[in-house]
Amino acid sequence: MMPLVINRKKSSLKILCLGSHCDDIEIGCGGTLLKLIQSRHGNVMVRWVVFSSTPEREKEAQRSAQAFLKRAKQKSVVIQHFEDSFFPYNGSEIKRFMQELSSVFSPDIIFTHYTNDLHQDHRLVAELTWNAFRDHWILEYEIPKYDGDLGRPNLFVPLKETTCRYKIDHVLRYFESQRRKQWFTKDTFLSLQRLRGIECNSVSGYAEAFYCRKMVF
């Protein structure tokens, strides 16, 4: 496994973001990404991959990602069209794509779904992340949902309240198609970050949390 080295000043920090659906990355690790980009003064390379989309949601995802990564030195946004909610039944195609991705990009940090996420698409992407990337630092993010699968994460990233509110405003602004969902609200997103802030004693009171299964320090 690749040792954790994130303070190299000259070389760009390479980040891979994996999301099953168009808003997953922003919701799951958006605040941490903003913090990394700011702390590195934009000296990051981000490969941003979304696995499923519709024409409407693809437009939202592209606009969101481009705006979110506007300060990144280099960025690549890839939107795939695997069938939503049917990932386990198209697993060979998704695995093939993931293997191809690992052959062309070797990141310092990977953000992916939680292994025990109860959404079948999320769970498969998490599984295939570990299958394809065996020498990398992988952080699994969480997505609040009806299924009630929030667990006990073991890695926390304290965030400024302004960063949290910027992330939430961004998600609500760019993903207009999701606003009709009863859980897709400012209160939902802010309350989870507040809870994680309590759990890590964040000075600001806010944080994002991840599951880190393995790490070489």
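Cut-off values and rules
- Residues numbered from 1 in each chain as written.
- Predicted model: local features only at pLDDT ≥ 70, side-chain atom pairs only at ≥ 80, totals over all residues.
- Heavy atoms only, no water.
- 1 Å grid on protein atoms, 1.4 Å probe; cavity = no way out; pocket = protein on both sides within 12 Å on 5 of 7 lines; lining within 4 Å.
- Points joined across faces, edges and corners; volume = space filled by probe spheres on them.
- Helix = DSSP H or I, 4+ residues; strand = E, 2+ residues; numbered from the N terminus.
- Nonpolar A, V, L, I, M, F, W, Y, C, P; charged D, E, K, R; others polar.
- Core = buried A, V, L, I, M, F, W, Y, C linked by side-chain atoms within 4.5 Å.
- Buried < 20%, exposed > 50% of the residue type's maximum accessible area, 1.4 Å probe, protein only.
- Contact = heavy atoms within 4.5 Å.
- Expected span 1.5 Å × (residues − 1).
- Arc of directions from axis to C-beta.
- Polar contact = N/O pair within 3.5 Å; in protein donor to acceptor, adjacent residues only side chain to side chain.
- Axes fitted to C-alpha atoms, helices over the stretch in contact; angles between N-to-C directions.
- Parallel < 35°, antiparallel > 145°, perpendicular 65-115°, else oblique.
- Left-handed = near helix turned anticlockwise from the far one by under 90°.
- Phe/Tyr/Trp six-rings, centres within 6.5 Å; stacked < 30°, edge-to-face > 60°.
- Lys NZ or Arg CZ within 6 Å of the ring centre and 35° of its normal.
- Pairing = 2+ DSSP bridges.

Chemist: Looking at this structure, I do not really get empty space enclosed by the protein. What am I missing?
Modeler: Empty space among the atoms can be located by rolling a probe the size of a water molecule over them. Within the structure shown, the criterion is met by one cavity of 30 Å³ or more. Approximately 90 Å³ is the volume found for the largest cavity. Around the largest cavity, the lining residues are Ile27, Gly28, Glu142, Pro144, Lys167, Phe189, Leu192, Gln193, Arg196, Ala207, Glu208 and Ala209. When contributions to the lining of the largest cavity are tallied by element, the ones reaching two or more residues are helix H1 (24–39), helix H6 (186–199) and strand S7 (206–210). In terms of residue count, H6 provides more of the lining of the largest cavity than any other element does, four residues in total. Split into classes, the residues belonging to the lining of the largest cavity amount to six nonpolar, two polar and four charged.

Chemist: Help me understand the nonpolar core, please; the structure alone is not making it clear to me.
Modeler: In globular proteins that are soluble, nonpolar side chains generally tend to be buried together. Grouped together as the largest cluster of nonpolar side chains are 42 residues, with contacts concentrated most on Ile15, Leu33, Trp48 and Phe111. If near-sequence neighbours (up to four positions away) are discounted, Leu33 is found in contact with Ile15, Cys17, Ile25, Trp48, Phe68 and Phe111. Counting 19 residues, the second largest nonpolar core, distinct from the first, contains Val49, Phe87, Ile94 and Val125.

Chemist: Sorry if this is basic, but what is going on with H6 here?
Modeler: Along an α-helix, residues three or four positions apart point the same way, because every turn accommodates 3.6 residues. In a regular helix each residue adds 1.5 Å, so 14 residues correspond to 20 Å; H6 covers 20 Å between its end C-alpha atoms and thus fits that length. Residues Phe189, Leu190, Leu192, Gln193, Arg196 and Gly197 constitute the buried set of H6. The buried residues of H6 occupy an angular sector of 155° when the element is viewed end-on, so they sit on one face. Residues of H6 that are exposed and point over 90 degrees away from its buried face: Asp187 and Ile198.

Chemist: Help me understand the environment of Asn90 in this model?
Modeler: Note on placement: Asn90 falls in the loop between strand S3 (74–79) and helix H3 (91–104). A C-alpha to C-alpha distance of 41 Å links Asn90 and Ser202, two positions 112 residues apart in sequence.

Chemist: Where do I start with the side chain of Ser53 in this structure?
Modeler: Position of Ser53 relative to the elements: it lies in the loop between strand S2 (44–50) and helix H2 (55–68). A relative accessible area of 17% places Ser53 in the buried class. Within polar-contact distance, the side chain of Ser53 engages the backbone nitrogen of Glu58 at 2.9 Å. The contact partners of Ser53, leaving out residues within four places of it in the chain, are Cys22, Glu58, Ile79, Gln80 and His81.

Chemist: In this structure, what is going on with the packing of H3 against helix H4 (residues 120–132)? I would like to understand it.
Modeler: The description of two packed helices rests on the angle between their axes and on the distance between the axes. Between H3 and H4, whose axes approach to 10 Å, the crossing angle comes to 40°. Judged by the inter-axis angle, H3 sits oblique to H4. In this structure, the crossing between H3 and H4 has a hand that is right-handed. On H4, the residues that touch Gly91, Ile94, Lys95, Met98, Gln99 and Ser102 of H3 are Leu124, Val125, Leu128, Thr129, Asn131 and Ala132. Along the lines of polarity and charge, the residues of the contact of H3 with H4 split into six nonpolar, five polar and one charged.

Chemist: Looking at this structure, I do not really get the packing of aromatic side chains. What am I missing?
Modeler: The final tally for this structure, using the stated rule, is 11 aromatic pairs. Note on Phe82 and Phe87: the rings are 6.5 Å apart at their centroids and 80° apart in plane angle, and the pair reads as edge-to-face. Where Phe111 meets Phe210, the ring centres are 5.5 Å apart and the plane angle is 50°; that geometry is what we call tilted. In this pair, Phe111 sits in strand S4 (residues 109–113) while Phe210 sits in strand S7, placing the two residues 99 residues apart along the sequence. By the ring-pair criterion, three or more aromatic residues cluster together here, those being Phe51, Phe82, Phe87 and Phe97. Across the ring face of Phe105, the terminal group of Arg47 is positioned such that the distance to the ring centre comes to 4.7 Å. When the ring centre of Tyr206 is taken as origin, the NZ or CZ atom of Arg194, which lies over that ring, is 6.0 Å away.

Chemist: Can you walk me through the sheet that holds S3 in this structure?
Modeler: Spatial strand order, S3-S2-S1-S4-S5: five strands in an open sheet with parallel pairing. Both edges of this open sheet fall to S3 and strand S5 (137–141), since each of them pairs with a single strand only. Ignoring which end each strand starts from, the neighbouring axes of this sheet average 15° apart. Each of strand S1 (13–19), S2 and S3 is contacted by H3, which is oriented at about 170° to S2, the strand it contacts most. Set on the sheet, H4 makes contact with S1, S4 and S5; between it and S4 the angle comes to about 150°.

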